[in-house]
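# Close look at the chain arrangement
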Amino acid sequence: MEKYVCDLCGYVYDPAQGDADGGIEPGTAFADLPEDWVCPLCGADKSQFSVEE
């Protein structure tokens with residue numbers, strides 16, 4: 001699965017790790033994150049993320 005990086009702060013969402021603080025289980029693809037999920041560091045919404053190169 002692809003990793004996604006926050007364009008504002010550089011946080012990397014890694015599907016293999018999920019987002020424990022946000023209640024996201026490991027193995028959750030970025031596309032499957034809830035629409036209201038936000039970057040745990042800066043609060044940016046999903047539209048502010050892009051595929052990590």
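As the structure is a prediction and not an experimental result, all values here were calculated from the model.

As a further point, take the environment of Val 5. Counting through the fold element by element, Val 5 comes out in strand β1 (residues 4-6). Residues Val 5 and Leu 41 lie 36 residues apart in sequence; the distance between their C-alpha atoms is 12 Å. Apart from the residues lying within four places of it in its own chain, the contact partners of Val 5 are Gly 10, Tyr 11, Val 12, Gln 48, Phe 49, Ser 50 and Glu 52.

This part covers the pattern of salt bridges. One pass over the structure, following the stated rule, counts two salt bridges. In this structure, the salt-bridge partner of Lys 3 is Asp 14, at a minimum N-O distance of 3.8 Å. Remark: Asp 14 occurs in the loop between β2 (12-13) and β3 (49-51) and Lys 3 occurs in the segment before β1; sequence separation between them is eleven residues. Relative accessible area serves as the criterion here: at 36%, Lys 3 is assigned to the partly exposed category. Classification of Asp 14 by relative accessible area gives buried; the value is 15%. Lys 46 serves as the salt-bridge partner of Glu 35, at 3.8 Å between the closest nitrogen and oxygen. Of the two residues, Glu 35 is situated in the loop between β2 and β3 and Lys 46 in the loop between β2 and β3; the sequence distance between them amounts to eleven residues.

Rules and cut-offs
Residue indices follow the written sequence of each chain, beginning from 1 at its first position. Since the coordinates come from a predicted model, pLDDT governs what is reported: local features require at least 70, and pairs of side-chain atoms require 80 or more to be given and counted, while whole-chain, interface and lining totals use all residues. With hydrogens and water set aside, each side-chain value is computed from the structure's full complement of heavy atoms. Helix and strand definitions follow DSSP, with helices as H or I runs of at least four residues and strands as E runs of at least two, each counted in order from the N terminus. Contact between two residues is taken to exist if any of their heavy atoms lie within 4.5 Å; hydrogens are not considered. Each salt bridge in this description consists of a side-chain nitrogen of Lys or Arg and a carboxyl oxygen of Asp or Glu lying within 4 Å of one another. Categorising residues by exposure relies on relative accessible area from a 1.4 Å probe, with only protein chains included: less than 20% of the type maximum marks a residue as buried, more than 50% marks it as exposed, and the intermediate range marks it as partly exposed.

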